[in-house]
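# A structural walkthrough
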Amino acid sequence: MSDGTGIGDLAKATGTKVVTIRYYEKIGLLPEPPRTSGNYRAYDTKHRERLHFIRRCRDLGFTLEQVRELLDLSKRTDRDCAAVDRLALDHLVEIERKIADLKRLEKELRHLSECCRGGRIGDCRIIEAISAR
């Protein structure tokens, strides 16, 4: 991608929707690019690299605030990486909690499915179990 790439080409190059790119600019995750004489956004390689970083963080489940913190930390290349480690470990704890919740959900749904006797919906044990308070 050469300097001065338009938003549509940036979107294609990174697999990001145009509206998402604009949103990231609006909230300050992606710096606003310079404008062409025709008032179009002109993105460069640094924008693409930063957007790839943001996308990868989001794919890994980091929140936008965590992404912002990682971006800020990434600028401080001479500092100890303890803050990055802490952020990653905090995120790992949250992921492990979600996995445990999903395993409980899986167990419950498996149990409900095994209780199914077929027949009419009016007699459905799954609907009955979900409806129970």
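### Some words on the overall build of the protein chain
Regarding its fold elements, the protein chain presents six helices and zero strands. Ordered by position from the N terminus, the helices and strands of the protein chain form the series α-α-α-α-α-α. Relative to its length of 133 residues, the protein chain is extended, with a C-alpha radius of gyration of 23 Å against a globular reference of 14 Å. C-alpha extents for the protein chain along the principal axes are approximately 70 × 40 × 25 Å. Across the protein chain, contacts joining residues at least 24 apart in sequence account for 44% of those joining residues at least 6 apart.

### Overview of the state of the cysteines
Here the structure, examined in full by the defined rule, presents zero disulfides. Cys57 takes part in no disulfide bond, and the closest cysteine sulfur to it belongs to Cys81, at a distance of 15 Å. Cys57 sits in the buried class, given a relative accessible area of 6%. Classification of Cys81 as partly exposed rests on a relative accessible area of 46%.

### Describing the environment of Arg120
Mapped onto the fold, Arg120 is located in the loop between helix H5 (82–115) and helix H6 (125–131). It is 38 Å that separates the C-alpha atoms of Arg120 and Glu96, two residues lying 24 residues apart in sequence.

### Focus: the pattern of salt bridges
Taken as a whole and judged by the stated rule, the model has nine salt bridges. A salt bridge links Asp72 to Lys75; the nearest nitrogen and oxygen atoms lie 3.7 Å apart. By relative accessible area, which is 32% here, Asp72 ends up partly exposed. Here Lys75 falls in the exposed class, since its relative accessible area comes to 56%. A salt bridge links Arg97 to Asp101; the nearest nitrogen and oxygen atoms lie 2.6 Å apart. With a gap of four residues between them, Arg97 and Asp101 both fall in helix H5, about one helical turn apart. Members of the salt-bridge network, linked through shared partners, are Glu94, Arg97, Asp101 and Arg104.

### Describing the nonpolar core
Within soluble globular proteins, side chains that are nonpolar generally end up buried alongside one another. Ile21 and Val67 are the most contacted members of the largest nonpolar core, which has 16 residues in total. Not counting residues up to four positions away in its chain, the partners in contact with Ile21 are Ile7, Leu10, Ala11, Thr16, Leu30, Tyr43 and Leu51.

### Observations regarding unusual backbone geometry
The phi dihedral of Asn39 falls on the positive side, at around 70°, and the residue is not glycine. Here Asn39 lies in the loop between helix H2 (18–26) and helix H3 (45–59). Residue classification places Asn39 among the exposed residues on the basis of a relative accessible area of 52%.

The rules we used
Residues numbered from 1 in each chain as written. Predicted model: local features only at pLDDT ≥ 70, side-chain atom pairs only at ≥ 80, totals over all residues. Heavy atoms only, no water. Helix = DSSP H or I, 4+ residues; strand = E, 2+ residues; numbered from the N terminus. Rg over C-alpha atoms; globule rule 2.2 N^0.38 Å. Contact = heavy atoms within 4.5 Å. Disulfide = S-S within 2.5 Å. Buried < 20%, exposed > 50% of the residue type's maximum accessible area, 1.4 Å probe, protein only. Salt bridge = Lys/Arg side-chain N within 4 Å of Asp/Glu carboxyl O. Core = buried A, V, L, I, M, F, W, Y, C linked by side-chain atoms within 4.5 Å.

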